[in-house]
Amino acid sequence: MEKFRQRLLIGLLAGYALVFSIWSALSPAGDMSWSERRLLNQRPVLTLANVASGFYMSRFEPYLQDQFPLRDNLRRLKALVSSKLLRQSDQHGIYLYQGIAGKLEEPLDPAGIRRKAALFSDLIRTQLSASAGRIWFALIPDKAQYLASDAGVPSVSHQDLADLLRQELSGCTVLDLKDQLTLEHFYRTDLHWRQEMLPDLAADLARRMGTSLSETWQTETLDAPFHGVYQSQSALAMEPDTLRYLTNEILAAVRVYDHETSRWSSLYDPAAAGGPDPYSLFLSGPKPLLTLENPASSNPRELLVFRDSFGSSLIPLLAEGYARITLIDLRYLSASRLDQLVDFHGQDVLFLYSAQVLNEGNFLP
């Protein structure tokens, strides 16, 4: 009887492997994992040179993992078993509390924050001296600051991060945005804030920088559901968010110049929202260098913004207050090249960074 059970088990495993191997071999390879918002590995080219160098096998295993039949279903099943049956508190660092996803924060990294603050201070001293007295640093708290305590998971001290930043930065005014935000300002499935919740914050920021906004907005809603990055990373079952954006007659006329592609576009890109990252609706996603021109502005002032992805949804709301805004993303553009690409001539300057990028990002030199 015992031998029969062993043979039955071996037979089932062999049958499982055979069926899925044939299924995988006959199925066309997919290009994109929409649930994970990334390109899938493709089969490497089989040549003697690739086999001899080890390249073929190094790429073949990731290809099999990506193209495995029912992969998305198995990811969701694993997440469901881990969270509901095994009661694990998080999936790949993502936890869920009352239908809202958050990410476990990394411990505070004072050395990394000091390194980034030194870069910003050096920029202020060497490139932005003509803007002295009109340079601000706006600190965006991590979403976990409004969720971790209720969810019973640890979080870093935002106050310690803000204090360290104030201590290390020189030549600018630090604005901590924590008290102006709540959990409702953020998407449930994503790390970013919701633009439709930001008019008050944008108006206050504009006032501090000495300009003003009309605060008359029209809300547009995209039909497609928005599955944010936290949902895609964790495979947890969640209700999707809704993407909305704010516009008015002035913002509709603002032109956006992409220095990388030498092309003009608009503040919002609904076509990009249909791609792997719907948040690319705002300013067409990650871009190293953009210029926004507002032909309706009666204010000749210009603004330079050093920013991360949170700036993509906030800065369009500030466009009304300036004739020109230049956005610089140091994640994709080396600070050493700035003097070749940007004319620094006394513009207002805003550093707009999230706590997560400051504490965990490893992209700044």
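Scroll up for the structure.
Here the structure is a predicted model, which means the values were calculated and not measured.

Chemist: Looking at this structure, I do not really get the overall build of the protein. What am I missing?
Modeler: Counting its secondary structure elements, the protein contains 14 helices and 14 strands. Taken along the three principal axes of its C-alpha coordinates, the protein extends 85 × 50 × 40 Å. Within the protein, the proportion of its 365 residues that are buried is 48%. Pairs at least 24 residues apart make up 73% of the contacts formed inside the protein by residues separated by at least 6 positions. For the protein, the accessible area works out to roughly 18400 Å², and carbon and sulfur atoms hold 54% of it. Computing the positive centroid from 35 side-chain charges and the negative centroid from 42, the protein places the two 7 Å apart.

Chemist: I'm lost on the side chain of Ser309 in this one. Help?
Modeler: Looking at the secondary structure, you find Ser309 in the loop between strand E12 (302-307) and helix H12 (311-318). Ser309 gets classed as buried once you look at its relative accessible area, which sits at 19%. In contact with Ser309, not counting residues within four places along its chain, are His192, Tyr279 and Arg331.

Chemist: I tried to follow the pairing of strand E11 (residues 289-293) on my own but got confused; where do I start?
Modeler: Among the five residues in E11, four count as buried, and that is most of the element. Pairing of strand E9 (residues 255-258) with E11, which is carried by four bridges, proceeds in the antiparallel orientation. Note that in E11 the partner of Asp258 across the bridge is Leu290. Bridge count for E11 against strand E13 (residues 324-328) is five bridges, and the pairing is antiparallel. When the bridges of E13 are listed, Leu290 appears paired with Leu327.

Chemist: It is not clear to me how the sheet that holds E9 should be interpreted in this structure. Could you clarify?
Modeler: The strands that make up a sheet pair up through hydrogen bonds in the backbone, lying either parallel or antiparallel. With respect to topology, eight strands assemble into an open sheet ordered E6-E5-E14-E12-E13-E11-E9-E10, the strand pairing being mixed. Only two strands of the sheet have a single neighbouring strand rather than two, namely strand E6 (173-176) and strand E10 (263-265). Averaged over all adjacent pairs, the angle separating strand axes in this sheet is 20°, with direction ignored. Of the strand pairs in this sheet, strand E5 (residues 135-140) and strand E14 (residues 348-354) are connected by six bridges, and their pairing is parallel. Looking at E14, one finds that Ile135 is bridged to Val349. Relative to E14, helix H5 (residues 110-126) is tilted by about 175°, and along the sheet it contacts E5, E12 and E14.

Chemist: Can you help me understand H12 in this one?
Modeler: Three- or four-residue spacings in an α-helix give side chains the same orientation, since the helix completes a turn every 3.6 residues. For H12, a buried count of eight out of eight residues is recorded, marking the element as mostly surrounded by other parts of the structure. Looking only at H12, the buried set comprises Gly311, Ser312, Ser313, Leu314, Ile315, Pro316, Leu317 and Leu318.

Chemist: Which parts of the structure should I look at to understand the pattern of salt bridges?
Modeler: Should the charged atoms of two oppositely charged side chains come close, the side chains can pair. One pass over the structure, following the stated rule, counts 14 salt bridges. With its nearest N and O atoms 3.9 Å apart, the salt bridge here joins Arg188 to Asp241. Remark: Asp241 occurs in strand E8 (residues 241-247) and Arg188 occurs in the loop between E6 and helix H8 (199-208); sequence separation between them is 53 residues. Two residues, Arg301 and Asp348, come together in a salt bridge whose shortest N-O distance is 2.2 Å. Within this pair, whereas Arg301 is found in the loop between E11 and E12, its partner Asp348 is found in strand E14, the two being separated by 47 residues in sequence. A network of salt bridges, in which partner residues are shared, links Arg134, Arg301 and Asp348.

Chemist: I keep staring at the side chain of Arg307 and nothing clicks. Help me out?
Modeler: Here Arg307 is to be found in strand E12. For the buried Arg307, no salt bridge is present, and the opposite-charge side chain at shortest range is Asp329, 4.3 Å distant. One polar contact links the side chain of Arg307 to the main-chain carbonyl oxygen of Lys287, over a distance of 3.4 Å. Within the structure, the side chain of Arg307 is placed 2.7 Å from the side chain of Ser312, a separation counted as a polar contact. Residue contacts for Arg307: discarding those within four places in its chain leaves Lys287, Leu290, Ser312, Leu327, Ile328, Asp329, Leu352 and Tyr353.

Basis of the calculations
- Residues numbered from 1 in each chain as written.
- Predicted model: local features only at pLDDT ≥ 70, side-chain atom pairs only at ≥ 80, totals over all residues.
- Heavy atoms only, no water.
- Helix = DSSP H or I, 4+ residues; strand = E, 2+ residues; numbered from the N terminus.
- Buried < 20%, exposed > 50% of the residue type's maximum accessible area, 1.4 Å probe, protein only.
- Contact = heavy atoms within 4.5 Å.
- Areas by Shrake-Rupley, 256 points an atom, 1.4 Å probe, with all protein chains shown as cover.
- Lys, Arg positive; Asp, Glu negative; His and termini not counted.
- Charge placed at Lys NZ, Arg CZ, Asp CG, Glu CD.
- Pairing = 2+ DSSP bridges.
- Axes fitted to C-alpha atoms, helices over the stretch in contact; angles between N-to-C directions.
- Salt bridge = Lys/Arg side-chain N within 4 Å of Asp/Glu carboxyl O.
- Polar contact = N/O pair within 3.5 Å; in protein donor to acceptor, adjacent residues only side chain to side chain.

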